[in-house]
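# Fold and contact review
In case you want the letters, here they are:
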Amino acid sequence: QVQLVESGGGLVQAGGSLRLSCAASGRTFSSYAMGWFRQAPGKEREFVSYISGSGGNTYYADSVKGRFTISRDNAKNTVFLQVNSLKPEDTAVYYCAAKRGDAFYFSSRTERLYDYWGQGTQVTVSS
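One structure accompanies this document, and this report is about it.

Rules of the game
- Residues numbered from 1 in each chain as written.
- Predicted model: local features only at pLDDT ≥ 70, side-chain atom pairs only at ≥ 80, totals over all residues.
- Heavy atoms only, no water.
- Phe/Tyr/Trp six-rings, centres within 6.5 Å; stacked < 30°, edge-to-face > 60°.
- Helix = DSSP H or I, 4+ residues; strand = E, 2+ residues; numbered from the N terminus.
- Buried < 20%, exposed > 50% of the residue type's maximum accessible area, 1.4 Å probe, protein only.
- Lys NZ or Arg CZ within 6 Å of the ring centre and 35° of its normal.

### Details of the packing of aromatic side chains
Summed over all chains, the structure comprises eight aromatic pairs. Both rings, one in Phe37 and one in Phe47, keep their centres 5.7 Å apart while their planes meet at 75°; by these two values the pair is edge-to-face. With Phe37 in strand β4 (residues 32-39) and Phe47 in strand β5 (residues 46-51), this pair connects stretches of sequence that are 10 residues apart. Take Phe37: its relative accessible area is 0%, and that puts it in the buried class. Summarising the aromatic geometry, the rings of Tyr105 and Phe106 are spaced 4.9 Å apart at their centres and angled 90° between planes, so their arrangement reads as edge-to-face. Overall, the relative accessible area of 35% leaves Tyr105 in the partly exposed class. With a relative accessible area of 66%, Phe106 lands in the exposed category. Ring-pair connections join several aromatic residues into one group, and the members of that group are Phe37, Phe47, Tyr114 and Trp117. The aromatic ring of Phe29 is capped on one face by Arg72, whose charged end is 4.3 Å from the ring centroid. Positioned over the ring face of Tyr105 is Arg109, at 4.2 Å from the centre of the ring.

Read these as layout, nothing more, since geometry by itself doesn't imply function.
Encoded structure:
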């Protein structure tokens, strides 16, 4: 069982930055690939970013590429999402998720392949 706790969300002006964190329980964190997803009001949850267990592979949604950076610290059981140049359309609840084993490009975007989910952290971007 893996428990995930997100933090770092908040209210920020357009153009601002935040660093989201997701702390995981357990002793085998590096065996899990991690993903970030988000859900805006009235919309379906969508893929944001992915990082493999070793941190060697990362993927991003086109809408955040160049603005968001995913990273992980396996010694601290934590995955990060640095979000820069925020736009009002980035407003959403951001969720981290853990998947046993790594994923390929397309499967990294598939929610049902992830085994554990956090409770989410709200990011609100004002214009």
